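What the coordinates show
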Amino acid sequence: MEKKIFKHTISSTVPIQIENIDTDQIIPARFLKATTREGFGENLFRDWRYDSNNEPQAHFPLNDPKYKGKILVAGRNFGCGSSREHAAWALSDYGFDVVVSSFFADIFKGNALNNGLLPVQVSEEFLHEIFTEISKDPNTELEVDLEKESITLLATGKTESFEINPYKKSCLINGYDDIDYILSQKDKIEAFESEKIYA
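This report concerns the structure included in the present document.

1. Considerations on unusual backbone geometry
Within the chain, phenylalanine 45 stands out as a residue other than glycine whose phi angle is a positive 55 degrees. Relative to the assigned elements, phenylalanine 45 resides in the loop between α1 (23-26) and α2 (46-49). Of note in the backbone geometry, asparagine 54 takes a positive phi value of approximately 65 degrees without being a glycine. Mapped onto the elements, asparagine 54 comes out in the loop between α2 and β2 (71-74). For asparagine 54, a relative accessible area of 43% puts it in the partly exposed group.

This is the structure in structure tokens:
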């Protein structure tokens, strides 16, 4: 999979106003047979997107043409349940760069950051305001600035800050995985080792 770099985006959204969305709903267990990260997007929210006859459920936001964009907005406690990394793979493979919620399960949050997907945690009040504006206008846009650690609802101008681990922030901005990050610190590591040798 191509390494993802993320710094900033302005995008419309796909809203799923449901709380406690677990990883089995994000990507059902029967689709976990593949070992590479590609191809999971087609089965993202599979049991909500399609009925028992494999027909698209028109009411589900991913099937509604008025909703589009690189930002998923979801209810509180997103990514709970099992620790499957495939949930982050599916969201990223579908085309999402950011997931916004008022709370994320810790393991999902870590898996998302490890796979170039930015989880942005906002207040309950701000999340409600986002959903309200999207209900008024499906083309409502959010601006997410990773370097400033801010998210702005462009329809109202309201901005909130969010927190992210500095190491993971650096990895996202530079497109690093863990090994890339260590290699980027090579000069500092060598300098430190030289100081130890000659101390």
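Additional details are given in the paragraphs that follow.
2. Focus on helix α3 (residues 86-94)
With seven of nine residues buried, α3 is to be regarded as a mostly interior element. When α3 is considered as a whole, its buried residues turn out to be His86, Ala87, Ala88, Trp89, Ala90, Leu91 and Ser92. Those residues of α3 hidden inside the fold are in contact with α1, β2, β3 (98-101) and α4 (106-114).

3. Structural notes on the nonpolar core
Within the largest apolar cluster, 49 residues are counted, with the highest numbers of intra-cluster contacts made by Phe45, Phe78, Leu91, Val100 and Leu118. Per-element accounting of this core gives the leading share, five residues, to helix α5 (residues 124-136). Sequence-distant contacts of phenylalanine 78, defined by excluding residues within four places in its chain, comprise Ile21, Ile26, Phe45, Leu72, Leu91, Val99, Ser101, Phe103, Phe104, Ala105 and Phe108.

4. Considerations on the side chain of glutamate 133
By the secondary structure assignment, glutamate 133 is in helix α5. Classification of glutamate 133 as buried rests on a relative accessible area of 14%. Beyond its immediate stretch of four places on either side in the chain, glutamate 133 contacts Thr140, Leu153, Ala155 and Thr156.

5. Remarks on the pairing of β3
The two faces of the sheet receive side chains in turn, since in a regular strand these alternate between them. Side chains Val98 and Val100 of β3 all project onto a buried face; the interleaved residues Val99 and Ser101 project onto the opposite face, where all are buried too. Where β2 meets β3, three bridges bridge the pair, whose relative direction is parallel. Across the sheet, the residue bridging to valine 73 is valine 100, located in β3. The handedness of the β2 to β3 crossover, carried by α3, is right-handed. In this sheet, strand β4 (residues 118-121) lies alongside β3 in parallel orientation, the contact comprising four bridges. Among the inter-strand pairings, valine 98 is bridged to a residue of β4, identified as leucine 118. For the crossover that starts at β3, traverses α4 and ends in the parallel β4, the hand is right-handed.

6. Topic: the sheet that holds β2
The mixed open sheet is built from seven strands, whose spatial order is β4-β3-β2-β1-β5-β6-β7. Whereas interior strands pair on both sides, the edge strands pair on one side only; in this sheet they are β4 and β7 (158-161). Across the sheet, the mean angle from the axis of one strand to that of its neighbour is 30 degrees, orientation sign disregarded. Sheet analysis places strand β6 (residues 150-153) next to β7, joined by four bridges and oriented antiparallel. Residue threonine 152 lies in a different strand from β7, and its bridge partner there is threonine 159.

7. Regarding the side chain of asparagine 111
For asparagine 111, the location among the structural elements is in helix α4. The class of asparagine 111 is buried, set by a relative accessible area of 12%. The residues touching asparagine 111, leaving out its near neighbours within four places in the chain, are Ser83, Arg84, Glu85 and Ala88.

8. What to know about the packing of aromatic side chains
What characterises a pair of aromatic rings is the spacing of the ring centres plus the angle enclosed by the ring planes. Within this structure, the stated rule accounts for eight aromatic pairs. Relative to tryptophan 48, the ring of phenylalanine 45 has its centre 5.7 Å away and its plane inclined at 5 degrees; by these criteria the two rings are stacked. For phenylalanine 45, a relative accessible area of 0% puts it in the buried group. Taking the relative accessible area as the measure of exposure, tryptophan 48 reaches 23% and is therefore partly exposed. Residues tyrosine 94 and phenylalanine 96 carry aromatic rings whose centres are separated by 5.4 Å and whose planes lie at 25 degrees to one another, so their mutual orientation is stacked. Here phenylalanine 96 falls in the buried class, since its relative accessible area comes to 0%. An aromatic cluster is defined as three or more aromatic residues linked by ring pairs; in this entry it consists of Phe45, Trp48 and Phe60. Against the face of tyrosine 50 rests arginine 46, its NZ or CZ located 4.3 Å from the ring centre.

Definitions and limits used
- Residues numbered from 1 in each chain as written.
- Predicted model: local features only at pLDDT ≥ 70, side-chain atom pairs only at ≥ 80, totals over all residues.
- Heavy atoms only, no water.
- Helix = DSSP H or I, 4+ residues; strand = E, 2+ residues; numbered from the N terminus.
- Buried < 20%, exposed > 50% of the residue type's maximum accessible area, 1.4 Å probe, protein only.
- Contact = heavy atoms within 4.5 Å.
- Core = buried A, V, L, I, M, F, W, Y, C linked by side-chain atoms within 4.5 Å.
- Pairing = 2+ DSSP bridges.
- Right-handed = clockwise from strand over helix to strand, strands pointing away.
- Axes fitted to C-alpha atoms, helices over the stretch in contact; angles between N-to-C directions.
- Phe/Tyr/Trp six-rings, centres within 6.5 Å; stacked < 30°, edge-to-face > 60°.
- Lys NZ or Arg CZ within 6 Å of the ring centre and 35° of its normal.

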